[in-house]
Amino acid sequence: MGKVLVVTSGKGGVGKTTSTASLGAALAQENQKVVVVDFDVGLRNLDLVMGAERRVVFDLINVVQGDAKLAQALIRDKRVETLSILPASQTRDKDALTADGVARVIAELRETFDWIVCDSPAGIERGAQLAMHHADEAVVVTNPEVSSVRDSDRIIGLLDSTTAKAKAGEKINKHLLLTRYDAARAARGEMLRVEDVLEILSIPLIGIIPESEEVLRASNLGAPVTLNNPDSAPARAYFDAVRRLRGETVDMNVPTDRKGLFGKLFKWRAA
Amino acid sequence: MSFLSQLFARRSSAPVARDRLQILLAHERAHGGPGAEGQSELIAKLREEILDVIARHVPIDRDKVQIKLDRGAAVSTLEIDIEVPELKKKPVLSEAAKPDAAKPADDAKSSAADKTEAAKEA
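Going along each chain's sequence as written, the residues are numbered from 1 onward. To label them, take the chains in the order written and letter them from A, then take the ligands in the order written and number them from 1. Predicted model: local features are reported for residues with pLDDT of at least 70 only, side-chain atom pairs are reported and counted for 80 or more only, and whole-chain, interface and lining totals are derived from all residues. Values shown for side chains rest on all heavy atoms present in the structure; no hydrogens or waters enter the calculation.

K.L.:
I'd like a description of the interface of chain A and chain B, backed by residues and values.
P.N.:
It only takes one pair of heavy atoms within 4.5 Å for two residues to be counted as in contact. At the interface, 18 residues of chain A touch 16 residues of chain B. Here's the idea: put two parts together, see how much 1.4 Å probe accessible area each one loses, and the total over both is what we call buried area. Carbon and sulfur atoms make up 56% of the surface buried where chain A meets chain B, a total of about 1500 Å² over both sides. Whenever Lys or Arg places a side-chain nitrogen within 4 Å of a carboxyl oxygen from Asp or Glu, that contact is recorded as a salt bridge. At the surface where chain A touches chain B, the tally comes to 1 salt bridge. The term polar contact refers here to a pair of N or O atoms within 3.5 Å; inside protein, the definition further demands a hydrogen-donor-capable atom paired with an acceptor-capable atom, and it admits residues adjacent in sequence only when both atoms are side-chain atoms. If you look at where chain A meets chain B, you find 4 residue pairs in polar contact (both at pLDDT 80 or more). Starting at the N terminus, helices and strands are each numbered in turn, a helix being any DSSP run of H or I of at least four residues and a strand any DSSP run of E of at least two. Listed by contribution, the elements that provide at least two residues to the side of chain A that touches chain B are α7 (146-159) and α10 (194-201) of chain A.

K.L.:
Summarise the side chain of Thr 162 of chain A; cite the residues concerned and give the values.
P.N.:
Here Thr 162 of chain A shows up in the loop between α7 and α8 (164-167). Look past the residues within four positions of Thr 162 of chain A in its chain and what remains in contact with it is Gln 129, Met 132, His 133 and Lys 167 of chain A.

K.L.:
So what about the packing of α7 of chain A against α10 of chain A? Which residues, and what values?
P.N.:
Residues and elements named next belong to chain A. One way to put it is that α7 packs onto α10 with a least axis distance of 10 Å and a crossing angle of 35°. Helix-helix and strand crossings are classified by hand; for α7 and α10 the assignment is right-handed. Contacts from Val 149, Ser 152, Asp 153 and Ile 156 in α7 reach Val 197, Ile 200 and Leu 201 in α10. The residue classification treats Ala, Val, Leu, Ile, Met, Phe, Trp, Tyr, Cys and Pro as nonpolar and Asp, Glu, Lys and Arg as charged. All others, Gly included, are polar. A per-class count over the contact of α7 with α10 returns 5 nonpolar, 1 polar and 1 charged. Axis definition: a line fit to C-alpha positions, over the contact stretch in the case of helices; interaxial angles, taken between N-to-C directions, run 0 to 180 degrees. What makes a crossing left-handed is the near helix being turned counterclockwise from the far one by less than a right angle; a clockwise turn instead makes it right-handed.

K.L.:
Give me the lowdown on the pattern of salt bridges, citing residues and values where you can.
P.N.:
Scanning the entire structure with this criterion turns up 20 salt bridges over all chains. Note that Asp 136 of chain A and Arg 110 of chain A form a salt bridge whose closest N and O atoms lie 2.9 Å from each other. Of this pair, Asp 136 of chain A sits in the loop between α6 (126-133) and β6 (137-142) while Arg 110 of chain A sits in helix α5 (residues 99-112); the two residues are 26 residues apart in sequence, bridging distant segments of the chain. Since its relative accessible area comes to 15%, Arg 110 of chain A is described here as buried. For Asp 240 of chain A, the salt bridge goes to Arg 243 of chain A, with nearest N and O atoms at 3.2 Å. Note that Asp 240 of chain A and Arg 243 of chain A are positioned in helix α13 (residues 233-245) at a spacing of 3 residues, about one turn of the helix. Exposure is judged per residue with a 1.4 Å probe applied to protein chains only, and the accessible area is read against the type maximum: over 50% gives exposed, under 20% gives buried, and values in between give partly exposed. We classify Asp 240 of chain A as buried; its relative accessible area is 14%. Take Arg 243 of chain A: its relative accessible area is 27%, and that puts it in the partly exposed class. Taken together, the shared-partner salt bridges in this structure form one network comprising Arg 193, Glu 195 and Asp 196 of chain A together with Arg 18 and Asp 19 of chain B.

What follows is the structure in structure tokens.
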């Protein structure tokens, strides 16, 4: 039985889709069978970030409505054999997603994959709630910025109240993924520090992704950063996050691309 | 303030962000949160009931009511500013009069401010 992991945030533009692609790819690079599922109906982008936009034939809604078989809609990644993507519909209305249909698709995916990584749409409406509904684990993507932290708090509340696990009286495992972090600015008091965000949101930290040019470069090229440049700072941060997700104990630090004495200095300050 | 300390004060915006968030979220967790618009409902209710009480004694224009809310760390204040016309014979109605409340003082109008402590944090 596979695990369902929702990548969510409330606020848009904080890195949900980038993180879904990177975490999904990183898990697959560790030989896990992974499917990344785009729940952002009408505004699909996971296919684009994953470089599969020209290979989409059927989508999640086609499967939910029975117009296509699951196997027909799944797109196999060309770089990692154990990675698949289930795209969202670009043209259909989000109301076309039914709770029953989603439940059926998720149940079917659980049989074939180790990880079902769901990319949630922004907001707290139906689409976001459907994406998180079946989750066993949740990664809450947060930027060190006031509006993002506030929205994350809201999403954490929803994870604890509206999901299937919450309704069954069980706890959903929530993890904080801090993205676009700049250790130097935090040290200068210009940006919320990791400890500040953790104290406010009080859920365990799964990783700190440093602000990096590599993230945009990878999405420009249609490849998760963990595939495009596995040695880059954000890729190493995603690999660390995935190991923690799998239960390994990995020291928490902010990987850096800076080299030499200058880089060492920043590494020291971030620790 | 020296140049250095000015520079330092300007740069350390993160602690301000942290404090603002902590206050805001303490309130949102207590009153708002998923499936409950508690805070705004409470304010709407308070406004209606306070207005009803005043309307029993003096005619008031419901469009000329200003409501302000200030959420602090320990105490919140709810300020309801009501324009009460024709109040020459009964000048004292409210417990807290606000002489410099927004509008220029007018013979026919006086304003009553009603401060209510709405919420206390644990």
